[in-house]
Amino acid sequence: MQPTTPSRRASKAAAAVVLAAILTATSGCAGRQYGHLLASDDKDLVGSHAAGAATWNPLVEESVAKLLSRCPPTVQPVAFESQSDLSLDGVIVPSTLSGGPASVCFVGIENKSAEELGDFKEQLYEQIDSQINSNADFRGISRRMVQTALRETRLRPDALFLPANREAFAAVLGKAGTPVDYLLFANITTGTTDRNKTSQRDYTLTLEMVNVHTGDFLKESAKIRKGYSKSRAGKWWNYGIFDQADG
């Protein structure tokens, strides 16, 4: 066995330095994190252990759009138009009632899923509320006023399904100058299927709109399925060309 020459030792040391630099550049140093801004058309990051933006954002958009498309806006009377009250021949013409936006009281979100929502709970509330207010036929009620009315009536959100409690709650908001037409409840559930090192979780967001005046209600939901695997190849093995999801 030939002894290692200084030049050979130097080349090995240089190669080790280059390898260490490459590993550092690709994996990053421990405790260091890099950030970058996302463009509006960039894809949402898919969470590796729980639902994230790629799951919740489409659920909110679909469920709210489906619910508002089915829920009729309330027609509210407005002041008579003076020029249409009396015709030229002295005959009284019926005044036209103008349709106003229905007021929606978003009570809150109930999480019955297998995951903690964390900061996404507030995010979901704001997204649903913003989508309601962006619809010309509906307007949301301030969350602060909703919370104040719940405290004053000493009612839990699920207690509002009882007619007497619903009337008391609506009366408090009405006295504050905010009449309410609909109560909106959101519910999150999950269903998990496990197989060896792979799992599938179905996320469902259900919205329920209750008419304060009649007690009638409508429900709409949206669902997204998400697979979790221990390796990147798990996606292709279960749902790709190998099609082993039912194997």
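For the structure, see preceding data.
This write-up is about the structure you can find in this document.

The rules behind these values
- Residues numbered from 1 in each chain as written.
- Predicted model: local features only at pLDDT ≥ 70, side-chain atom pairs only at ≥ 80, totals over all residues.
- Heavy atoms only, no water.
- Buried < 20%, exposed > 50% of the residue type's maximum accessible area, 1.4 Å probe, protein only.
- Helix = DSSP H or I, 4+ residues; strand = E, 2+ residues; numbered from the N terminus.
- Pairing = 2+ DSSP bridges.
- Axes fitted to C-alpha atoms, helices over the stretch in contact; angles between N-to-C directions.
- Left-handed = near helix turned anticlockwise from the far one by under 90°.
- Contact = heavy atoms within 4.5 Å.
- Nonpolar A, V, L, I, M, F, W, Y, C, P; charged D, E, K, R; others polar.
- Salt bridge = Lys/Arg side-chain N within 4 Å of Asp/Glu carboxyl O.

Below, the discussion takes up the pairing of strand β1 (residues 102-111). Burial within β1 is extensive, with eight of its ten residues counted as buried. Bridging between β1 and strand β2 (residues 138-140) involves three bridges; their strand directions are parallel. Opposite Ser-103, over in β2, you have Arg-139 as the bridge partner.

Bringing the packing of helix α2 (residues 53-70) against helix α4 (residues 120-133) into the picture now. In the contact formed by α2 and α4, the axes pass within 10 Å of each other and the chain directions differ by 35°. Pair α2 / α4 crosses with right-handed handedness. Facing α2, whose interface residues are Ala-53, Trp-56, Asn-57, Val-60, Glu-61, Val-64, Ala-65 and Leu-68, α4 presents Phe-120, Leu-124, Gln-127, Ile-128, Gln-131 and Ile-132. Broken down by class, the residue content of the contact of α2 with α4 amounts to ten nonpolar, three polar and one charged.

Let us now look at the pattern of salt bridges. For the coordinates displayed, the defined rule picks out six salt bridges. Notably, a salt bridge pairs Asp-158 with Arg-156, separated by 3.7 Å at the nearest N-O pair. Judged by its relative accessible area of 59%, Arg-156 is exposed.

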